[in-house]
Amino acid sequence: MRQAWHVPESTDPSANPPPDERPEHAEHPHGATLRRLEQSSGKLAAAAITRMDEQLPWYRAMPPENRSWIGLVAQAGIAAFTEWFRHPETSQAISTDVFGTAPRELTRAITLRQTVELVRTTIEVVEAAIDEVAAPGDESVLREALLVYAREIAFATAQVYAQAAEARGAWDARLESLVVNAVLSGEADEGAVSRAAALGWNSPDHVCVVLGTAPDGDSELTVEAIRRASRHAKLQVLTGVLGNRLVVVAGGSDDPLRAAKSLIGPFAPGPVVAGPIVGDLLSATRSAQAAAAGLRACAAWQDAPRPVLADDLLPERAMAGDPTARDLLVEEIYRPLEEAGSALLETLSVYLEQASSLEGAARMLFVHPNTVRYRLRRVTDVTGWSPSDVRSAFTLRIALILGRLSDFGNHVQG
């Protein structure tokens, strides 16, 4: 607790004039020390700056403007100590008195460790001058007061940096939400890239978007859990909770499924969809739109793995009305088969109609089963989808349907 100084009142009325008539330091039991402390404040501040310049390399390396702000902080600290010594019974707003003299940007220019060194150096200078500053007999009193004040200034320093960290964290969270929302809404531009860079995004070559349901509770805890998972997986992330969706823009992996698996822990139960890999943040909109379409269509594939790739949901997305999925099925499956020759399209179509029976397809095509087998391998080589796999066969069937509808539409328009 702070010590309050008490002066016994004299029984002589003339010795106790009204408060407004008393000399400035009449009530202070250590008035001589207080006056000497006031007179020495400038000299002590200059000595503190000199010692910082001699002992603190980071201070010498700072720009002149920042050094001058630090000098003002040191002066304010000594002035605040003087005022605190004058009225030890009064609660003083030390953080405002001392750190309010410098701009908020100073907390970004110097670290908490450096600020502690600044405060320690200033306190050491004042402590070394106690025998010179204190009036005879007041040395122990001034030393004790400085010890208590050092504790108060330490608390004030921690408070300033805690408040700065909270403010910066809140601002960063809002900035990150803007970037994530821009990616998800298709409005990502150079401004979003600049904001992401301010958040530490280093423009990785491989980017994908992972979408799922956000858990109930504090969204900040969810975001922090994603960050921990990303650090463990060595991924860069931009993340946020938008409505009931948890959105993660992940960079640094060329495998979207691996990235999604490493980040899946904080998601609520339900489907989690990973969009395709793209080259940069501006292109992440395409990955986000694919993931969002996959999340909407995922209910149609009840046995879908968790997480699942948006590209693995192309047939469901197409049936749900996603034009991108329809175009991809036609352009990446139907057209390559069409260009490879009519035999592949015909064989695939008959094979699927014959319930994936080699012998049945061979009879319908009047060819040997080995010929059907060979052509189906060619289908796999051309499209990347195997007709013998049930899921792939379903995707190929939808691609054939959409391709024929596209051809019919073009014929009618022509």
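Under the annotation held in an unreviewed UniProt entry, the protein carries the name PucR family transcriptional regulator and is attributed to Streptomyces nanshensis. Comment text from UniProt for the protein, heading Sequence similarities (unreviewed entry), reads "Belongs to the CdaR family."

Draft legend 1. Summary view of the pattern of salt bridges. Going through the model one piece at a time under the given rule, you end up with twelve salt bridges. When the shortest N-O distance is used, the salt bridge between Lys43 and Glu132 registers 3.0 Å. In this pair, Lys43 sits in helix H1 (residues 31-55) while Glu132 sits in helix H7 (residues 130-133), placing the two residues 89 residues apart along the sequence. Pair check on accessibility: Lys43 and Glu132 agree, each one exposed.

Draft legend 2. Structural detail: a negative patch on the surface. The grouping of Asp311, Asp327, Glu331, Glu332 and Glu339 at the surface amounts to a negative patch. Its place among the elements puts Asp311 in the loop between strand S5 (308-309) and helix H13 (314-319).

Draft legend 3. Helix H9 (residues 190-198), seen in detail. The opening residue of H9 is Asp189, an N-cap whose side-chain oxygen sits 3.0 Å from the backbone nitrogen of Gly191. Looking one or two places after H9, you find Gly200, whose phi comes out positive at around 100°.

Draft legend 4. Layout of the pairing of strand S1 (residues 207-213). Across the seven residues of S1, six count as buried, placing the element largely inside the fold. Taken together, the seven bridges between S1 and strand S3 (residues 245-251) define a ladder with antiparallel strand orientation. From the neighbouring strand, Val207 faces S3, where its bridge partner is Gly251. Alignment of S1 against strand S4 (residues 273-274), held across two bridges, turns out to be antiparallel. In the strand pairing of S4, Val210 is matched with Ala274.

Draft legend 5. Region of the structure containing the side chain of Asp322. Looking at where Asp322 falls in the secondary structure, it is placed in the loop between H13 and helix H14 (323-340). In this structure Asp322 comes out as buried when scored by relative accessible area, which is 13%. Residues in contact with Asp322, not counting those within four places in the same chain, are Ala293 and Arg317.

Procedures and definitions
Residues numbered from 1 in each chain as written. Predicted model: local features only at pLDDT ≥ 70, side-chain atom pairs only at ≥ 80, totals over all residues. Heavy atoms only, no water. UniProt positions renumbered as here; feature names shortened; annotations may be inferred. Salt bridge = Lys/Arg side-chain N within 4 Å of Asp/Glu carboxyl O. Helix = DSSP H or I, 4+ residues; strand = E, 2+ residues; numbered from the N terminus. Buried < 20%, exposed > 50% of the residue type's maximum accessible area, 1.4 Å probe, protein only. Patch = residues over 30% accessible without salt bridge, like charges linked within 9 Å, V, L, I, M, F, W, Y side chains within 5 Å. Areas by Shrake-Rupley, 256 points an atom, 1.4 Å probe, with all protein chains shown as cover. Lys, Arg positive; Asp, Glu negative; His and termini not counted. Charge placed at Lys NZ, Arg CZ, Asp CG, Glu CD. Polar contact = N/O pair within 3.5 Å; in protein donor to acceptor, adjacent residues only side chain to side chain. Pairing = 2+ DSSP bridges. Contact = heavy atoms within 4.5 Å.

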